[in-house]
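Structural features, examined
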Amino acid sequence: MAQGEYFLIVDVWIKNAKHEFLISKRTPTTQPEPNKWQPTTGCAVAGEDSLSAALRETKEELGITLNNDGKQVIRFLAWDKAIIDVWFFQQEVNTNDIILQPQETDDAMFATSTAIKALAENEQFLSYGRVPYIDELLKICAA
């Protein structure tokens, strides 16, 4: 990438009425950080805005069509070349309706913020360097 160019990554957090977040597990071949739990995440494609990327990635990785009323809650710069937009959606999802993308995800579940923090502490969630916002996000989305 040329000087001053960036790529856009979206992280999508979906919370249900039980205050649980939908997370998925990366496959053993997904790089970086294989076998780690994560929010739905991916890169925008050329010409795509952040919300469109969030909706598309969720459909691709989990087979879920999100409502359009998500909100971008955090934006930060990572690795000097990536802008990461963090999206929050409140939506009921039936886990029986999830269709995993075999090249990227091999499991999905709802987890409480306490369970997500425990996964992170046990190095089973994306590294804190990748999701440095996790404590802030869980506070923002706790209500």
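Note that the structure is predicted; figures quoted are calculated from it, not measured.

Quick look at the packing of aromatic side chains
Overall, the coordinates contain five aromatic pairs when judged by the stated rule. Residues tryptophan 13 and phenylalanine 125 carry aromatic rings whose centres are separated by 6.0 Å and whose planes lie at 25° to one another, so their mutual orientation is stacked. Within this pair, whereas tryptophan 13 is found in strand β1 (residues 7-15), its partner phenylalanine 125 is found in the loop between α2 (113-121) and α3 (134-140), the two being separated by 112 residues in sequence. Just as tryptophan 13 is buried, phenylalanine 125 falls in that class too. Relative to tyrosine 133, the ring of phenylalanine 76 has its centre 5.6 Å away and its plane inclined at 50°; by these criteria the two rings are tilted. Residue phenylalanine 76 is found in strand β5 (residues 71-78), and its partner tyrosine 133 is found in the loop between α2 and α3; the two are separated by 57 residues along the sequence.

Considerations on the environment of glutamate 136
Assignment of secondary structure puts glutamate 136 in helix α3. With a relative accessible area of 46%, glutamate 136 lands in the partly exposed category. Along the chain, glutamate 136 and isoleucine 74 lie 62 residues apart, while their C-alpha atoms are 9.0 Å from each other.

Describing the confidence of the model for the protein chain
For residues with low pLDDT, the predicted coordinates do not support detailed interpretation. Summing up the model confidence of the protein chain, the mean pLDDT is 91 and the portion of residues at 70 or higher is 99%. Looking over the protein chain, one finds the lowest element-wise mean pLDDT in α3, namely 83, and the highest in helix α1 (residues 50-62), namely 97.

What counts and what doesn't
- Residues numbered from 1 in each chain as written.
- Predicted model: local features only at pLDDT ≥ 70, side-chain atom pairs only at ≥ 80, totals over all residues.
- Heavy atoms only, no water.
- Phe/Tyr/Trp six-rings, centres within 6.5 Å; stacked < 30°, edge-to-face > 60°.
- Helix = DSSP H or I, 4+ residues; strand = E, 2+ residues; numbered from the N terminus.
- Buried < 20%, exposed > 50% of the residue type's maximum accessible area, 1.4 Å probe, protein only.
- pLDDT = per-residue confidence, 0-100.

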